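Fold and geometry: a report
The chain contents come next:
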Amino acid sequence: MPSNDQPGPVRSIWRGLVSMRLALFLLLFIAGVAVLGTLIPQGNPPAFYQYAYGPWRAGMIRFFQLNSIFRSWVFLIPTFLLTISLLACVVNRWRPAWRQVTTVHYRYQEEDYTDTTASKSLAAANPREILAALAGACRRRHYRAFTITREGRLYLYADRGRYGILGSLLTHLSVVLIVAGALYSGLAGFRGYVNIPAGATVAIPRAGFAARLDAFRIDYYSDGTPKQYYSTLTVVDAGREVEQRVIAVNSPLTYKGVTLYQASYGWAVDGVLKIRGRELQFTAPDRETIPLTDDLRLKAVFYPDYVTDPAGHPGSRSSRPDNPRVGYFLMQGDRVISYSIAGLNEPLGAGNGLGLTFTGYRRYTGLKVAHDPGIPVVYTGAALLFLGLCLSFYVRRRQIWGMIIPAEGGCRVLLAGVAPRQPAGLAGELEELLGEIAER
């Protein structure tokens, strides 16, 4: 926090950062940008915006990155400034708040007790015994109590729930951590999908390691619908097998901060394409189009238990591979050059010297890949948010001051207190304290 002897511009910038006006302006601006993100379709190719909005507005959308609003500079910069502003507020208020928590404040003047809610004169009483009894009574009520003697008078300070005043600061700090963690994940993290056929090893995009599917298993309900599916994965890093794990839905594998989630499954068809005297082996996931060469693409549809309906349309009686067949479309550019339904190991002529054979089938597992480096920061912020809210709403600070003035034949006891949320309850508690001391 800048000190008073620092130059004016530094103090001006600091005052601006801790200003409530700045925080409210940034919040409203971010909310407005987020609304734009709901109105403008996100993640479409440039041609879509050119057609839907025209050249001028499409250019503005591209410049302000409104087609990817939550990664755009018009969203990230205000969010960063709001985070800095909240952090500045925490720093600015931390020292005074901590001083209130740790410092013992006595009230030495009788004028400080003009708002006294309880007082009593006790005859034939020892002031020190009264002070000790008063402190003990406070401690039994879960106060921390301090006493001091000064210029012949005795003083008490007691409080409880002192950490409640930190709740607001922790809540502000938690928002800083949550936003910072989310920004970190958005900028440094990544997400994607990968399909791994049984027995195959596939590099995980951007992760720096590969995964091999050793086995795949499905549990079924009594009616034949899938209940749960499991993938036995081996992580291969720099050519070494470093970890093996069975994953399932809601039971992922995490390695080097990259998490592999069980997302889907299906069939994959193996085959061989003969072209210009050479053979090209391929694996095609069911109903997905894969490239074979620069201008050849293949889409395979696997029917595990092949059957046709009365109209001749192909289908499958069950998910069990009792009568496997493969439907395929072989495309050159945008033109389909061959299509049919074939059995396994059945040579197919595709014209132009092309030959196609489907040699087998196997399961594949579909994995969702996620790297969220900011998750630990977000979780820390969430924990601080919970703690801050608990302190703010459930830890209520109370302060009690006492002054014992020795007098001839006894003493006079003055008590005052502060309980912002329960002033009536505090007044009753002070009367109880005096009544307990009088009985003693």
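In the block above lies the structure referred to throughout.
One structure accompanies this document, and this report is about it. (Residues numbered from 1 in each chain as written. Predicted model: local features only at pLDDT ≥ 70, side-chain atom pairs only at ≥ 80, totals over all residues. Heavy atoms only, no water.)

**Topic: the overall build of the protein chain**
Within the protein chain, the regular secondary structure consists of eight helices and 21 strands. Relative to the compact-globule value of 22 Å for 440 residues, the protein chain shows a C-alpha radius of gyration of 37 Å, a clear excess of over 25%. For the protein chain, buried positions account for 40% of its 440 residues. Taking the contacts inside the protein chain whose residues are at least 6 apart along the sequence as the reference set, 57% of them involve residues at least 24 apart. Accessible surface for the protein chain amounts to roughly 24500 Å². Of this, 57% is attributable to carbon and sulfur atoms. Here the protein chain carries 47 positive and 32 negative side-chain charges, and the mean point of each set is 4 Å from the other. (Helix = DSSP H or I, 4+ residues; strand = E, 2+ residues; numbered from the N terminus. Rg over C-alpha atoms; globule rule 2.2 N^0.38 Å. Buried < 20%, exposed > 50% of the residue type's maximum accessible area, 1.4 Å probe, protein only. Contact = heavy atoms within 4.5 Å. Areas by Shrake-Rupley, 256 points an atom, 1.4 Å probe, with all protein chains shown as cover. Lys, Arg positive; Asp, Glu negative; His and termini not counted. Charge placed at Lys NZ, Arg CZ, Asp CG, Glu CD.)

**Let's talk about the packing of helix H2 (residues 20-39) against helix H4 (residues 73-102)**
Where H2 contacts H4, the two axes come as close as 9 Å, and the packing angle between them is 155°. Between H2 and H4, the angle is such that the two are roughly antiparallel. For the pair H2 and H4, the crossing hand works out as left-handed. For the pair formed by H2 and H4, the contact residues are Leu22, Ala23, Leu26, Leu27, Phe29, Ile30 and Val33 on the first element and Val74, Phe75, Pro78, Thr79, Leu81, Leu82 and Ser85 on the second. Here the residues of the contact of H2 with H4 are counted per class, giving twelve nonpolar, two polar and no charged. (Axes fitted to C-alpha atoms, helices over the stretch in contact; angles between N-to-C directions. Parallel < 35°, antiparallel > 145°, perpendicular 65-115°, else oblique. Left-handed = near helix turned anticlockwise from the far one by under 90°. Nonpolar A, V, L, I, M, F, W, Y, C, P; charged D, E, K, R; others polar.)

**Side note on unusual backbone geometry**
The backbone phi angle of glutamate 151 is positive, close to 50°, even though this residue is not glycine. Structurally, the position occupied by glutamate 151 is in the loop between strand S2 (144-150) and strand S3 (153-160). Despite not being glycine, asparagine 345 shows a phi value in the positive range, around 60°. Residue placement: asparagine 345 occurs in the loop between strand S17 (335-342) and strand S18 (348-351). Owing to a relative accessible area of 53%, asparagine 345 belongs among the exposed residues under this scheme.

**Thoughts on H2**
Its 20 residues give H2 an end-to-end C-alpha distance of 29 Å, which sits within 8% of 28 Å, the value for a rise of 1.5 Å per residue. For H2, the elements touching its buried residues are H4. (Expected span 1.5 Å × (residues − 1).)

**Overview of the sheet that holds S17**
The strands that make up a sheet are held in pairs by hydrogen bonds between backbone atoms, and each pair lies either parallel or antiparallel. Ordered by their spatial adjacency, four strands build an open sheet running S12-S13-S16-S17, and the pairing between neighbours is antiparallel. Looking at which strands have only one partner, the edges of the open sheet turn out to be strand S12 (289-291) and S17. Taken over all neighbouring pairs, the strand axes of this sheet differ in orientation by 20° on average, direction set aside. As judged from the seven bridges shared by strand S16 (residues 325-332) and S17, these two strands associate in the antiparallel manner. Among the inter-strand pairings, glycine 327 is bridged to a residue of S17, identified as isoleucine 341. (Pairing = 2+ DSSP bridges.)

**Re the side chain of threonine 259**
With respect to the secondary-structure elements, threonine 259 resides in strand S10 (residues 258-275). Note on threonine 259: relative accessible area 11%, which makes it buried. When near neighbours in sequence (up to four residues on either side) are disregarded, threonine 259 contacts Pro252, Leu253, Thr254, Lys368, Val369 and Ala370.

**Re the side chain of threonine 232**
Among the structural elements, threonine 232 can be located in strand S7 (residues 226-237). Residue threonine 232 is classed as buried on the basis of its relative accessible area of 19%. Aside from chain neighbours lying at most four places away, what touches threonine 232 is Arg212, Leu213, Asp214, Ala215, Gln244, Arg245 and Val246.

**Considerations on the pattern of salt bridges**
Applying the stated rule across the entire model yields 18 salt bridges. Put simply, lysine 256 and aspartate 237 hold a salt bridge, and the shortest N to O gap is 2.7 Å. Note that lysine 256 is positioned in the loop between strand S9 (253-255) and S10 and aspartate 237 in strand S7, a separation of 19 residues in sequence. You can call lysine 256 exposed: its relative accessible area is 54%. When salt bridges with common partners are traced through the structure, they connect Arg140, Arg141, Glu432 and Glu436 into a single cluster. (Salt bridge = Lys/Arg side-chain N within 4 Å of Asp/Glu carboxyl O.)

**What about a nonpolar patch on the surface?**
Taken together, Phe63, Trp73, Ile77, Phe80 and Leu81 make up a surface patch of nonpolar side chains, about 510 Å² in accessible area. At four residues, H4 tops the list of elements feeding residues into the nonpolar patch. Position of leucine 81 among the secondary structure elements: in helix H4. (Patch = residues over 30% accessible without salt bridge, like charges linked within 9 Å, V, L, I, M, F, W, Y side chains within 5 Å.)

**Re the sheet that holds strand S5 (residues 201-203)**
What the four strands build is an open sheet, ordered S5-S6-S7-S8; its pairing is antiparallel. With partners counted over all chains shown, the strands left at the sheet margins are S5 and strand S8 (240-248), one partner each. Averaged over neighbouring strand pairs, the angle between their axes works out to 30° when direction is ignored. Where S5 lies against strand S6 (residues 210-220), three bridges are found, and the strand directions are antiparallel. Across the sheet, alanine 203 pairs through a bridge with alanine 210, a residue of S6.

**As for the state of the cysteines**
Under the defined criterion, the tally for this structure stands at zero disulfides. A disulfide-free cysteine, cysteine 138 has its sulfur positioned 15 Å from the sulfur of cysteine 411, the nearest such atom. Relative accessible area serves as the criterion here: at 0%, cysteine 138 is assigned to the buried category. (Disulfide = S-S within 2.5 Å.)

**Re the packing of helix H6 (residues 167-188) against helix H7 (residues 375-394)**
Helix-helix packing is described using two parameters, namely the angle between the two axes and the distance between the axes. Interhelical geometry of H6 versus H7 gives an angle of 160° and a closest axis separation of 7 Å. One finds that H6 runs roughly antiparallel with respect to H7. The hand of the H6/H7 crossing is left-handed. For the contact of H6 with H7, a count of residues per class yields 14 nonpolar, ten polar and no charged.

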